[in-house]
Amino acid sequence: MASQNGAQAGSGKVVEVAIAIIRRASPGGLELLICQRKADAVLGGYWEFPGGKIHPNEPPAIAAERESKEELDVAVRAIDTLVTIVHSYDYATVRLTPVICDYLSGDPKPLGCSAFRWIALADLSLYRFPPANTQLLQDLADRLK
């Protein structure tokens, strides 16, 4: 069975994930907060937007806010939920729900990742993101200009 993006189904396991697209204004323009996966994690070393598994009956917006606090110790406010992305890897199928969030407060700390960076939207292509994020990166470039 193929997913929305045409990838073949993985192991049958489906993982529901909320992704926090955390943005803030800076003198140079809009910045996004990204983090680097720990080397020993699945897709270790890849960059990603903070996020994680959605708890049962938890709205994706609440999960994105919670995961931002758990992974980076920052407070954010969810403002918009984007279309869910379905992507299959060999080990699982992921259903990623991106949530646009405004940064509120806190100095980021790499609690659930190995590193983090505030980057300009135009610099997203300089970082290696997981294959499931390909369409999302293009959509963000179009949406957040």
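Everything that follows concerns the structure shown earlier in this document.
S.K.: Can you walk me through the overall build of the protein in this structure?
M.R.: The helix and strand inventory of the protein stands at 2 helices and 8 strands. Sequence-ordered secondary structure for the protein, helices as α and strands as β, is β-β-β-β-α-β-β-β-β-α. The C-alpha radius of gyration computed for the protein amounts to 14 Å, which stays within 12% of the reference 15 Å derived for 145 residues, consistent with globular compactness. Counting only C-alpha atoms, the protein reaches 45 × 30 × 30 Å along its principal axes.

S.K.: What is the right way to look at the packing of aromatic side chains in this model?
M.R.: The geometry of an aromatic ring pair is captured by two quantities: the separation of the ring centres and the angle between the planes. Enumeration over the complete set of coordinates arrives at 4 aromatic pairs. Aromatic pair Trp 47 and Tyr 127: ring centres 5.2 Å apart, planes at 75°, arrangement edge-to-face. Highlighted residues: Trp 47 in strand 3 (residues 47–48) and Tyr 127 in the loop between strand 8 (115–120) and helix 2 (134–143), separated in sequence by 80 residues. In this pair, the class of Trp 47 matches that of Tyr 127, namely buried. For the ring pair Tyr 103 and Trp 118, a centre distance of 5.3 Å and an interplane angle of 85° mean the geometry is edge-to-face. Within this pair, whereas Tyr 103 is found in strand 7 (residues 93–105), its partner Trp 118 is found in strand 8, the two being separated by 15 residues in sequence. Exposure remark for Tyr 103: the relative accessible area of 23% places this residue in the partly exposed category.

S.K.: Which parts of the structure should I look at to understand the pattern of salt bridges?
M.R.: Oppositely charged side chains can form a pair if their charged atoms are brought close together. Using the criterion set out here, one finds 9 salt bridges in the structure. Taking the shortest distance from any N to any O, the salt bridge between Glu 31 and Arg 24 comes out at 2.7 Å.

Criteria and cut-off values
- Residues numbered from 1 in each chain as written.
- Predicted model: local features only at pLDDT ≥ 70, side-chain atom pairs only at ≥ 80, totals over all residues.
- Heavy atoms only, no water.
- Helix = DSSP H or I, 4+ residues; strand = E, 2+ residues; numbered from the N terminus.
- Rg over C-alpha atoms; globule rule 2.2 N^0.38 Å.
- Phe/Tyr/Trp six-rings, centres within 6.5 Å; stacked < 30°, edge-to-face > 60°.
- Buried < 20%, exposed > 50% of the residue type's maximum accessible area, 1.4 Å probe, protein only.
- Salt bridge = Lys/Arg side-chain N within 4 Å of Asp/Glu carboxyl O.

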